[in-house]
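A look at the structure
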2 protein chains.
Amino acid sequence: MTFDRVCVIGAGSIGSLCAGHLGRVADVSVLVRRPEHAAELNADGLTVSGKSDFTVPVAATTQADQLDPPGLIIIATKAMQVENAAAAIEGRFPDATVMTIQNGLGTEEVVAARGEWPIVSAVTFMSGTKESDSHVHYELDTATWMGPFHPSGTSFEVAQAIGDLFVEGGLKVEVLPDLRPAQWSKLIFNASVNPVAALTDLPHVGLFARRDRPTDLGHLMFDLIEEGKRVATAAGVELFEDPWEMNSRAVQQGSTHDDDYAHVPSMLADVRAGRRTEIDFILGSLVREAQRHGVPAPLSEGLYRLVKARDRSYDD
Amino acid sequence: MTFDRVCVIGAGSIGSLCAGHLGRVADVSVLVRRPEHAAELNADGLTVSGKSDFTVPVAATTQADQLDPPGLIIIATKAMQVENAAAAIEGRFPDATVMTIQNGLGTEEVVAARGEWPIVSAVTFMSGTKESDSHVHYELDTATWMGPFHPSGTSFEVAQAIGDLFVEGGLKVEVLPDLRPAQWSKLIFNASVNPVAALTDLPHVGLFARRDRPTDLGHLMFDLIEEGKRVATAAGVELFEDPWEMNSRAVQQGSTHDDDYAHVPSMLADVRAGRRTEIDFILGSLVREAQRHGVPAPLSEGLYRLVKARDRSYDD
């Protein structure tokens, strides 16, 4: 099984990294919202710098009905735009496989409600910065984890084939028979790092793992992660990786980086740019799972309310 | 008992409001840190606008040994500068009464460690904005609460005499036989409103009291205040006023104000200005009391760590 024709929906940093790398080994189209974004991609192609370094042609459009039917559709929008993305392909491309690659939980269900496609779940740890509409800087070349979304009847082989394509394109991948343990590990990691960064205006620095003094931020991170782990246990999920270890390792890697690099978590970037955050899909989904399973999660609830207030998402 | 000569240490907004109003009915000197601040006050006097409207002469200096011995010394610095203020008057003015007027708990003890003066405790709800070194705009003309600090052997009459002076000067006052119930009410109020404002970048708006939806910020405020009330009970303090009522009333007053007024709590003003906050004396002192009495206060601890990280006070 191979995918010769891929459509990426959403060309933010993750969508651009996917489209760029896959564009080296497949015929890639990109579905975006803004006509000038599509025009620039069609004129200049898509450039990736940093950990990779190349330019590839891509066929960009704002109209789903102008797409050549793709074998693989990657929905790489922010979580709150998945609904629109799935609506745009509803009733089309019956032979396609759809992959979701958002933070948090629940975007597969949003897609499944719009069509019968086999769905592959993915979470990614790579990161990049958009330099322009046609240029993404590839920063962290860490792995993307993917696996079949079982309620849609997807086979492991399909996920494996997508993984192979990513690897051929130059990305790092781990294909798993069940993504939930990995998805929840990333969820709990994200549900602590992102809100704490957004509220403190700090990038993901060593302080996030420091627990020397009673007031050190690492205690709060640890306590938040403990709440998340209790929710995972109640939900019957055995974690793929301990989120506290992920946190400690990430800040260690940050501190040994060449140029005082400290990762700016996406939620902090959103707050700084005055954009609405993905809090409802990240910490919000964890809080809802806690309530569903009757697990007390006072810190998660408190930080959820703070970020909702900070990003003014109450106004919507 | 009357006080003809008053020295105010610290001429931020609260110190300036005290010095200005008392300057109408007493001989007022001001002890400040910056020579140019003293020079401007000596040249121009101190102007109060807003709820009051006048200019009075004040004698300003940066040297405690240049002060005419005052009968009343009001320490109106931020909480973390009380140590320096008390050190400046150590060994001087044996006949003076000292009044502290900070947020939080514990500044009376800092003063008591430096001398045998009778001490009066005060907390204030008035607020103002410094327009310049010699001009303060008087915004909220709410009361200042004061009462004897009993460990220093102060009589109620002394507190009453200071209260009378404030009233003569045009300020609102409530004199109480024991300030602790009022101080703790204000502490718990401040320990919730200030950190939440600093972390959300929101002034004290209606959202702080709203509890319609599960994600509404009022729930967090309520839960924080409940933690504070449990600590007060464990510390044997019966509150003067319910902090949740104080919160609800304050945002209501804000929302009915003429010109979309919303109070910017001092901790938010500090964060916005890149100044270190008083978090250690406000939420920090509540967290320490919780630990001392074995009361769980996970939300207070979590927010304490967040604000410590946000105002970079870890760096010190």
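All values reported here derive from a predicted model rather than from experimental measurement. (Residues numbered from 1 in each chain as written. Chains lettered and ligands numbered in written order. Predicted model: local features only at pLDDT ≥ 70, side-chain atom pairs only at ≥ 80, totals over all residues. Heavy atoms only, no water.)

Notes on the overall build of chain A
Threshold: In this text, helices come from DSSP runs of H or I with a minimum length of four residues, and strands from runs of E with a minimum of two, each type numbered from the N-terminal end. The globule rule used here is 2.2 Å times the number of residues to the 0.38 power, and the radius of gyration it is set against is calculated over C-alpha atoms. Note on contacts: a residue pair is in contact if any heavy atoms of the two residues lie within 4.5 Å. A 1.4 Å probe and the Shrake-Rupley method give the accessible areas. Residues count as covered only by the protein chains that appear here. The charge count includes Lys and Arg as positive and Asp and Glu as negative, but it does not include His or the ends of the chains. Each charge is placed at NZ for Lys, CZ for Arg, CG for Asp and CD for Glu.
When helices and strands are counted, chain A shows 11 helices and 12 strands. Over its C-alpha atoms chain A spans a radius of gyration of 19 Å, differing by no more than 12% from the 20 Å that the globule rule assigns to 316 residues. Dimensions of chain A, computed from C-alpha atoms along their principal axes, come out at roughly 55 × 45 × 40 Å. Sequence-distant contacts in chain A: of pairs separated by 6 or more residues, those separated by 24 or more amount to 68%. A total accessible area of about 12600 Å² is found for chain A, and carbon and sulfur atoms account for 47% of it. Measuring between centres, the 27 positive side-chain charges of chain A sit 6 Å from its 44 negative side-chain charges.

Details of the relation of the copies chain A and chain B
What counts, and what does not: Alignment of the copies relies on least squares applied to C-alpha atoms, considering only residues that score at least 70 for pLDDT in both.
The operation relating chain A to chain B is a screw motion whose rotation component is 180°, with 0.0 Å of axial translation and a residual RMSD of 0.0 Å. The operation mapping one copy onto its partner corresponds to a two-fold rotation axis. When each C-alpha of chain A is compared by its distance to the rotation axis, A:L199 comes out closest, at 2.7 Å.

Some thoughts on the sheet that holds strand 1 (residues 5–9) of chain B
Residues and elements named next belong to chain B. For the record, the criterion: By definition, two strands form a pair when at least two bridges between them are found by DSSP. In this description, a line fitted to the C-alpha atoms serves as the axis of each element, helices being fitted only across the stretch in contact, and the angle between N-to-C directions of two axes falls anywhere from 0 to 180 degrees.
Taken together, the 8 strands give an open sheet; going across it, the order is 5-2-1-6-7-8-11-12, and neighbouring strands pair in mixed fashion. Looking at the sheet topology across the chains shown, the edges are occupied by strand 5 (59–61) and strand 12 (173–175). Each strand of the sheet is rotated relative to its neighbour by a mean of 20°, with strand direction disregarded. Where strand 6 (residues 72–75) meets strand 7 (residues 97–100), 4 bridges bridge the pair, whose relative direction is parallel. Residue pairing for strand 7: L72 is matched across the bridge by T97.

With respect to the packing of helix 6 (residues 180–200) of chain B against helix 10 (residues 283–292) of chain B
All names here are of chain B. Applied cut-off: Rotating anticlockwise by less than a right angle from the far helix to the near helix defines a left-handed crossing, while the corresponding clockwise rotation defines a right-handed one. The residue classification treats Ala, Val, Leu, Ile, Met, Phe, Trp, Tyr, Cys and Pro as nonpolar and Asp, Glu, Lys and Arg as charged. All others, Gly included, are polar.
The N-to-C vectors of helix 6 and helix 10 enclose an angle of 115°; their axes lie 9 Å apart at closest approach. For the crossing formed where helix 6 meets helix 10, the hand is left-handed. Between helix 6 and helix 10, the contacting residues are W184, L187, I188, A191 and P195 on the first element and L283, S285, L286 and E289 on the second. The residue makeup of the contact of helix 6 with helix 10, split by class, is 7 nonpolar, 1 polar and 1 charged.

Quick notes on the side chain of A:N103
Residues and elements named next belong to chain A. What counts is decided by this rule: A 1.4 Å probe rolled over the protein chains alone gives each residue an accessible area, and that area as a share of the maximum for its type sets the label: buried under 20%, exposed over 50%, partly exposed in between. In the analysis that follows, any N or O atom pair within 3.5 Å is treated as a polar contact, provided that within protein one partner can donate a hydrogen and the other can accept it, and provided that, for residues neighboring in sequence, both atoms belong to side chains.
In this fold, N103 is placed in the loop between strand 7 (97–100) and helix 4 (107–112). A residue is classified by how much of its surface remains accessible, and N103, at 15% relative accessible area, is buried. Within polar-contact distance, the side chain of N103 engages the side chain of K186 at 3.2 Å. A distance of 3.0 Å separates the side chain of N103 from the side chain of N190, its partner in a polar contact.

Some details on the domain arrangement of chain A
Residue and element names in this part refer to chain A. To be explicit about the condition: For the domains described, the bounds stem from an automatic or database domain assignment. Once two parts are put together, the accessible area they lose, assessed with a 1.4 Å probe and summed over both, is termed the buried area. The rule for a salt bridge is simple: a side-chain nitrogen of Lys or Arg has to be within 4 Å of a carboxyl oxygen of Asp or Glu.
Assigned domains of chain A: these are domain 1 (5–175) and domain 2 (180–315). Counting from both sides, the interface comprises 17 residues of domain 1 and, opposite them, 21 residues of domain 2. Across the domain 1/domain 2 interface, buried area totals approximately 1700 Å², and carbon plus sulfur atoms make up 64% of it. Considering only the side of domain 1, the residues that lose the most area to domain 2 are N103, L105 and W145, jointly responsible for 37% of the buried surface there. In this structure, the connection of domain 1 to domain 2 is made through 1 salt bridge.

Remarks on the packing of aromatic side chains
Spelled out, the test is: What counts as a ring pair is set by centres within 6.5 Å for rings of Phe, Tyr and Trp (its six-membered ring), and what kind of pair is set by the plane angle: stacked under 30 degrees, edge-to-face over 60, tilted for all other angles. Only Lys NZ and Arg CZ are tested; either one counts as a charge over a ring when it is within 6 Å of the ring centre and within 35 degrees of the ring normal.
Under the criterion given, the structure shown has 8 aromatic pairs over all chains. Between B:W145 and B:F240 the ring centres are 4.9 Å apart and the planes differ by 65°, which places this aromatic pair in the edge-to-face class. On the criterion of sequence distance, the pair formed by B:W145 in strand 11 (residues 144–148) and B:F240 in the loop between helix 7 (217–234) and helix 8 (243–255) is long-range, its members being 95 residues apart. Through successive ring pairs, a cluster of aromatic residues spans A:F125, A:W145, A:F189 and A:F240. In this structure, A:K186 packs its charged tip against the face of A:F125, placed 4.8 Å from the ring centre.

Concerning the nonpolar core
A general tendency of soluble globular proteins is for nonpolar side chains to be buried together. Defined as follows: In this text, buried Ala, Val, Leu, Ile, Met, Phe, Trp, Tyr and Cys residues form a nonpolar core when linked through side-chain atoms within 4.5 Å.
Ranked by internal contacts, the top residues of the largest apolar core, which has 99 residues, are A:W184 and B:W184. With near-sequence residues (within four places) excluded, A:W184 lies in contact with A:L105, A:V231, A:A232, A:A235, A:V237, A:L239, A:L286 and A:E289.

Looking at helix 1 (residues 13–22) of chain A
Judged by how many residues are buried, helix 1 of chain A sits mostly within the fold: 9 of 10 residues are covered. Of all the positions in helix 1 of chain A, only A:I14, A:G15, A:S16, A:L17, A:C18, A:A19, A:G20, A:H21 and A:L22 are classed as buried.

Structural notes on the pattern of salt bridges
Per the stated rule, a full pass over the model turns up 36 salt bridges over all chains. Two residues, B:R34 and B:E36, come together in a salt bridge whose shortest N-O distance is 3.7 Å. According to the relative accessible area criterion, B:R34 is partly exposed, its value standing at 34%. For B:E36, a relative accessible area of 47% gives the class partly exposed. Its salt-bridge partner being B:K229, residue B:E226 comes within 3.5 Å of it at the nearest N-O pair. Residue B:E226 and its partner B:K229 are located together in helix 7, separated by 3 residues, close to a single helical turn. The exposure class assigned to B:E226 is partly exposed, which follows from its relative accessible area of 24%. Overlapping salt bridges bring together A:R34, A:E36 and A:D133 as one network.

Some details on the sheet that holds strand 10 (residues 135–140) of chain A
Residue and element names in this part refer to chain A. The strand order across the open sheet formed by 4 strands is 4-3-10-9, and the pairing between neighbours is mixed. Single-partner strands in this sheet number two, and they are strand 4 (54–56) and strand 9 (127–132). When strand polarity is set aside, the average angle formed by the axes of neighbouring strands in this sheet is 25°. Direction of pairing for strand 3 (residues 46–50) relative to strand 4: antiparallel, over a ladder of 3 bridges. Across the sheet, residue V48 finds its bridge partner in strand 4, namely F54.

Let's talk about the interface of chain A and chain B
Facing 27 residues of chain A, the contacting portion of chain B comprises 26 residues. Carbon and sulfur atoms supply 61% of the area that chain A and chain B bury against each other, a total of about 2400 Å² over both sides. Connecting chain A to chain B are 2 salt bridges. With a shortest N-O distance of 3.8 Å, A:D223 and B:R305 are connected by a salt bridge. Elements that contribute at least two residues to the side of chain A that touches chain B include exactly helix 6 (180–200), helix 7 (217–234) and helix 11 (298–310) of chain A. Looking at which element gives the most residues to the side of chain A that touches chain B, the answer is helix 11 of chain A, with 10 residues. Here the residues of the side of chain A that touches chain B are counted per class, giving 14 nonpolar, 4 polar and 9 charged.

A closer look at unusual backbone geometry
All names here are of chain A. Despite not being glycine, F93 has its phi angle at roughly 50°, a positive value. For F93, a relative accessible area of 10% gives the class buried. With a phi angle near 60°, D201 is a residue other than glycine that sits in the positive phi range. Topologically, D201 is positioned in the loop between helix 6 and helix 7.

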